[in-house]
There are 2 protein chains.
Amino acid sequence: MANIYFTVTQTIAANDCNKPEEIDLSMATIKDVAQKAGVATSTVSRILSGKGEASKETKERVLQIVQELNYKPNALAKGLKEGKSNTIGLIVPNIRDLVFPAAIRGISDYLEKHGYTLVLVNTDDKIELEKLHINNLQNRAVDGFIISTAKKDSVHLLELKKKGVPIVLLLRHLGDTMDAIIVDNYQGGYNAIQYLIEKGHKKIAIVNGTMDLQLYRERYRGYVAALSEAGIEMDNNLVVHNVESWEDSLQAVKNLIERGGCPEAIFATSDPKALGVIRGLKDMNIKVPDDVSVIGFDNMDMAEMMDPPLTTVAQPFYKCGYMAAERLLRLIKSKRTLKPVVEELKTELLIRSSVKERP
Amino acid sequence: MANIYFTVTQTIAANDCNKPEEIDLSMATIKDVAQKAGVATSTVSRILSGKGEASKETKERVLQIVQELNYKPNALAKGLKEGKSNTIGLIVPNIRDLVFPAAIRGISDYLEKHGYTLVLVNTDDKIELEKLHINNLQNRAVDGFIISTAKKDSVHLLELKKKGVPIVLLLRHLGDTMDAIIVDNYQGGYNAIQYLIEKGHKKIAIVNGTMDLQLYRERYRGYVAALSEAGIEMDNNLVVHNVESWEDSLQAVKNLIERGGCPEAIFATSDPKALGVIRGLKDMNIKVPDDVSVIGFDNMDMAEMMDPPLTTVAQPFYKCGYMAAERLLRLIKSKRTLKPVVEELKTELLIRSSVKERP
DNA sequence: CTGAAAGCGCTTACAG
DNA sequence: CTGAAAGCGCTTACAG
């Protein structure tokens, strides 16, 4: 039997296009360098890490040979020895969500500068999957996590943190005990409404996301506050929560208008929702911004290409990612437990063409 | 001096919120399991890997203790020993390009199913950066690469492949010696134009990307072929190449119309370009699709939300990613060099509302 | 300034 | 069926 198998293998091999040729796929190791330089591996190691002294001559010789052999230390061995991998894990619900690419780029840029590597994982907001992945990544000796999936029931993250695993939350947060880089969602919502009011709008509707997420609660709070401060009475007929997708919001506007009549302006608490709202409006032959103004929240990469170009509360996604990575590396490198800090970045109202002054 | 420093440290430590508590951050090792089970580590290893025999009793006992201790093998050690890491590197120009998220999700989903991990790197299409990153990832013992940055001058990729490193190209390709998952760009372009012709259009313009990229050359070839086959004469005034961003295409349409007069339809060879084209048209008070029809290429996640919803040649991004991962794992696991295969997936014409029949 | 040795946590022949 | 030993490629005390 073994014989037959062998024969088959041979046959296929004979037909094969490129025979293996046995090039030096095997990378040079520290041993090769040491041997060629006539020193001990420990010496090479010391020279390369810059720790400890070494005579100028040996140093130069070793460096020379490192060049020649194109030697690069094996990160696995190094990681095993040092108990760290210079790798961090990024956990997002779904990379296809338009908010993530910019944030990821920010993370990636910072990490790259500091010799760290980024491992990406999607959870579809399923908590069991998330736990599995976290576990997995810990076995891979990931040095820390950036996590953008935190919800009210994310106790496992609290526990992880308690165990001393470096974690920073991104865009979502979980109370003061967890490091987080988030955005001032309250202020953002407030500013949006204030701007609408400034433009003469009074009957202002809100198409909001799930109240399970603090960020949507905050944006709503901003809406309420700005309205009340301007002495405009809240009208619950103008409020829709729990709108998820852009299709949802398409439906939401229609309901809204049936229920409460046509508002003068609509605050969509995310750009995709704004897109849906605008589409819904157009479907009903209502013009944006001539008949009703729309303001979004996000400033995702496409916002300025929309029709009309979307006036929106810009989140500094790139910066959030960048800072999250920065914070994480600090946590990782710190010898002692650092006091958690929740960094709240400012949003910026980006004025384009979807809001019009009321005559 | 040392003393002063010590004092300071102490003070801070005293103020610190959570004292270290020393929980068992140290994960259980195979040694712990072996000890507790009263067997050798090799036995544990064998049982866990399923290789070699083991008596039912010891097997059960060991598995039991693995549970108790929540033991997970250290991937670094395993990788070091086995010379592989179960990690693959993904190299893209920029994750913010709208074509990537879906593809990445496809890769990620396949990898996850097979116990592999995804490392992500951006190169901004800079070849030196790319080489650096590839080098880096090799030191991290990445088992193979999925690369979406191939251009005419990407000889370093050819060399890498020659050395036996498993690589598969994604969405771009580099001749028949490199495995690649791409899309039938010629057919896609051809179908787009054929559809426009079917709808009664004759004066059809093209707003195309850089001719450095084979994919744009192919889409153009499809345009030319479909036109000629229908007996429509080519008009160079209706052709614009080297349009990069959506702002470019905004400008491009304007020039186009000045030069060649208003076309009946425009083939934008990417969705962002279509977006720019439509905007440019609207700016000139030309209605889409009533005055001129527009067809795109990509079907990026936003295409159906555009105004009008974009008729476009859909690329199966998710599937491309998925298949690229699939192919790569085959290359990695295969003992002998596999003959390179360039898989060309079909595009699909997605009819929405940006093309109208000509009366 | 430099080397020998131990060890990080695994796996894989090799004995028995 | 099971264990002892070697080794993957590093780094880090420890001597000298």
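Residues numbered from 1 in each chain as written. Chains lettered and ligands numbered in written order. Predicted model: local features only at pLDDT ≥ 70, side-chain atom pairs only at ≥ 80, totals over all residues. Heavy atoms only, no water.

Caption draft 1: Quick peek at the overall build of chain A. When helices and strands are counted, chain A shows 13 helices and twelve strands. Here chain A has a C-alpha radius of gyration of 28 Å; the compact-globule value for 359 residues is 21 Å, and the former is much larger. In chain A, which comprises 359 residues, the proportion classed as buried is 51%. Excluding contacts between residues fewer than 6 apart, the proportion of contacts in chain A whose partners are at least 24 apart in sequence is 69%. (Helix = DSSP H or I, 4+ residues; strand = E, 2+ residues; numbered from the N terminus. Rg over C-alpha atoms; globule rule 2.2 N^0.38 Å. Buried < 20%, exposed > 50% of the residue type's maximum accessible area, 1.4 Å probe, protein only. Contact = heavy atoms within 4.5 Å.)

Caption draft 2: Region of the structure containing the sheet that holds strand β8 (residues 265-268) of chain B. Residue and element names in this part refer to chain B. Strand order in this open sheet of six strands is β7-β6-β8-β9-β10-β12, and the pairing throughout is mixed. Taken across any chain shown, the strands that pair with only one partner, and hence form the sheet edges, are β7 (239-240) and β12 (348-350). Bridge count for strand β9 (residues 293-298) against strand β10 (residues 312-314) is three bridges, and the pairing is parallel. Looking at β10, one finds that Asp298 is bridged to Ala314. (Pairing = 2+ DSSP bridges.)

Caption draft 3: Examining the protein's contact with DNA strand D more closely. In the vicinity of DNA strand D, 26 residues are found, and the nearest of them are Ile30 and Ser45 of chain A together with Thr43, Arg46 and Lys81 of chain B. Within 4 Å of the protein, the contacting atoms of DNA strand D are drawn from sugar and phosphate to the extent of 60%. Ile30 of chain A is positioned such that a nitrogen or oxygen atom in its backbone is 2.7 Å from a phosphate oxygen of DNA strand D. Note that a base nitrogen of DNA strand D is positioned 3.3 Å from one of the backbone N or O atoms of Ala77 of chain A. (Near = heavy atom within 4 Å. Polar contact = N/O pair within 3.5 Å; in protein donor to acceptor, adjacent residues only side chain to side chain.)

Caption draft 4: The sheet that holds strand β6 (residues 204-207) of chain A, seen in detail. Residues and elements named next belong to chain A. The six strands are arranged β7-β6-β8-β9-β10-β12 in an open sheet whose pairing can be described as mixed. Each edge of the open sheet carries a strand with a single partner, namely β7 (239-240) and β12 (348-350). The strands touched by helix α10 (residues 214-229) within the sheet are β6, β7, β8 (265-268) and β9 (293-298), with β6 carrying the most contacts at an inclination of about 170°. (Axes fitted to C-alpha atoms, helices over the stretch in contact; angles between N-to-C directions.)

Caption draft 5: Structural detail: the packing of helix α2 (residues 30-37) of chain A against helix α3 (residues 41-49) of chain A. All names here are of chain A. The interhelical angle for the contact between α2 and α3, taken along N-to-C directions, is 105°, at an axis separation of 8 Å. With respect to their mutual orientation, α2 and α3 come out roughly perpendicular. Contact residues: Ile30, Lys31, Val33 and Ala34 in α2; Thr41, Val44 and Ser45 in α3. Among the residues making up the contact of α2 with α3, the classes are represented as four nonpolar, two polar and one charged. (Parallel < 35°, antiparallel > 145°, perpendicular 65-115°, else oblique. Nonpolar A, V, L, I, M, F, W, Y, C, P; charged D, E, K, R; others polar.)

Caption draft 6: Main features of the protein's contact with DNA strand C. With respect to spatial proximity, 26 residues lie near DNA strand C, and among them Thr43, Arg46 and Lys81 of chain A together with Ile30 and Ser45 of chain B are the closest. Considering the 4 Å shell around the protein, atoms of DNA strand C inside it are sugar or phosphate in 59% of instances. Within the backbone of Ile30 of chain B, a nitrogen or oxygen atom sits 2.7 Å from a phosphate oxygen of DNA strand C. At 3.2 Å from a phosphate oxygen of DNA strand C is found a main-chain nitrogen or oxygen belonging to Asn74 of chain B. Listing elements by their share of the surface near DNA strand C, those giving two or more residues are α3 and α5 (75-82) of chain A together with α3 (41-49) and α5 (75-82) of chain B. Top contributing element to the surface near DNA strand C by residue count: α5 of chain B, with four residues.

Caption draft 7: Representation of the confidence of the model for chain A in the model. When pLDDT is averaged along chain A, the result is 88, and 92% of the positions lie at 70 or above. Here residues 1-24 of chain A scores under 50 on pLDDT; set against residues more than four positions off or in separate chains, the count is nine contacts. (pLDDT = per-residue confidence, 0-100.)

Caption draft 8: View of the domain arrangement of chain A. Partitioning chain A into domains gives domain 1 (25-73), domain 2 (85-183 + 318-347) and domain 3 (185-315). One C-alpha centre belongs to domain 1 of chain A, the other to domain 2 of chain A; they are set 36 Å apart. (Domains from an automatic or database assignment.)

Caption draft 9: Expanded view of the pattern of salt bridges. For the structure shown, the criterion picks out 36 salt bridges over all chains. One salt bridge connects Glu218 of chain A with Arg221 of chain A, and the closest N-O pair in it is separated by 3.1 Å. Remark: Arg221 of chain A and Glu218 of chain A occur in helix α10; sequence separation between them is three residues, near one turn of the helix. Taking the shortest distance from any N to any O, the salt bridge between Lys84 of chain B and Glu82 of chain B comes out at 4.0 Å. According to the relative accessible area criterion, Lys84 of chain B is partly exposed, its value standing at 33%. (Salt bridge = Lys/Arg side-chain N within 4 Å of Asp/Glu carboxyl O.)

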